[in-house]
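Notes for the structure review
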Amino acid sequence: MSRWETERPVTLKVVRALPADKLDYRPHARSRSAGELASLLAYEAQTAVEMFDYGKVDWNEPKPPASLQDIVIALQLSNQQVLDRFRKFDDEAWAKKITFFVNGTKAMEESFGDMMWGTFFDTIHHRGQLSAYIRPMGGKVPAIYGPSADEQ
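Since the structure is predicted, the reported quantities are computational estimates derived from the model, not experimental observations. What you see as residue numbers is a count from 1 along each chain, following the sequence as written. Per-residue local features of the predicted model are confined to residues with pLDDT of at least 70, and side-chain atom pairs are confined, for both listing and counting, to 80 or more; whole-chain, interface and lining totals are unaffected and use all residues. Hydrogens and water molecules were not included; the side-chain quantities draw on all heavy atoms of the structure.

1. Some words on unusual backbone geometry
Let me state the cut-off plainly: Think of it this way: any DSSP run of H or I at least four residues long counts as a helix, any run of E at least two long counts as a strand, and we number them from the N terminus.
Unlike most non-glycine residues, N103 shows phi in positive territory, near 50°. With respect to the helices and strands, the residue N103 is situated in the loop between β2 (97–102) and β3 (105–111).

Have a look at this one:
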């Protein structure tokens, strides 16, 4: 829980650093756009809430972003919901099995702990991708684990 709490504001800083009028930016035709990646970050937090509440994840690609503000609000809400649930979570629940479905088909089953760590690492991975988009989009990269050249 403490690591989720530490990473949460950093992820929000990265998303907020996106130029709102350039969410369609993508460095390559096969890459997700900045808006799609930001939406994915909010969606992953929502799937973590599903793990707590339902013991499963029904993964469907997130919808295209409406606006940067909508993404920020969804990310804030989902991250807070995850933290609220972590605070009520007991050690025994970490071993509970979680099933991960992709478009209705069972893709894997792991313990809650393993699934949550996977979600956590995937979020950090996509946040890193997104941070690499910011400067070419004309934005300023925020500090993540130390100072950024744009913040000095």
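2. A closer look at the packing of helix α1 (residues 2–16) against helix α4 (residues 112–134)
Convention followed: Here an axis means a line fitted to C-alpha atoms, over the contact stretch when the element is a helix, while the angle between two N-to-C directions is reported on a 0 to 180 degree scale. Working rule for angles: under 35 degrees goes down as roughly parallel, over 145 as roughly antiparallel, 65 to 115 as roughly perpendicular, anything else as oblique. By definition, turning the near helix anticlockwise from the far helix through less than a right angle yields a left-handed crossing, and turning it clockwise yields a right-handed one. When checking whether two residues touch, look at their non-hydrogen atoms; a contact exists if any pair is within 4.5 Å. Asp, Glu, Lys and Arg are counted as charged, while Ala, Val, Leu, Ile, Met, Phe, Trp, Tyr, Cys and Pro are counted as nonpolar; the rest, among them Gly, fall into the polar class.
At their nearest, the axes of α1 and α4 sit 10 Å apart, and the two run at 25° to each other. Judged on the interaxial angle alone, α4 and α1 are roughly parallel. By crossing handedness, the relation of α1 to α4 is classed as left-handed. Contact with α1, carried on its side by R3, W4, E7, V10, T11, V14 and V15, involves M116, F120, I124, R127, L130, S131 and I134 of α4 and no other residues of that element. Here the residues of the contact of α1 with α4 sort into 9 nonpolar, 2 polar and 3 charged.

3. So, the nonpolar core
Applicable threshold: Nonpolar cores are built from buried Ala, Val, Leu, Ile, Met, Phe, Trp, Tyr and Cys residues. Side-chain atoms within 4.5 Å join them into one set. Buried, partly exposed and exposed residues are distinguished by accessible area as a fraction of the type maximum, computed with a 1.4 Å probe on protein chains only: under 20%, between the cut-offs, and over 50%, respectively.
By size, the foremost hydrophobic cluster in this structure holds 39 residues, and its most contacted members are W4, V15, L18, M51, V82, M116 and L130. Listing elements by their share of this core, those giving two or more residues are α1, α2 (34–54), β1 (56–59), α3 (68–87), β2 and α4. When residues of this core are assigned to their parent elements, the largest contribution, 12 residues, is made by α2.

4. Observations concerning the environment of Y145
Worth spelling out the cut-off: The definition of a polar contact used here is a pair of N or O atoms within 3.5 Å, where within protein one atom must be able to donate a hydrogen and the other to accept one, and adjacent residues in sequence count solely through side-chain atom pairs.
Within the secondary structure, Y145 is located in the segment after α4. Here Y145 falls in the exposed class, since its relative accessible area comes to 57%. In sequence terms Y145 and Q69 are 76 residues apart; their C-alpha atoms lie 24 Å from each other. Beyond its immediate stretch of four places on either side in the chain, Y145 contacts R3, E7, I124 and R127. In terms of polar contacts, Y145 uses its side chain to reach the side chain of E7, at 2.9 Å. A polar contact of 2.9 Å, which involves the side chain of Y145, links it to the side chain of R127.

These figures capture arrangement, not role.
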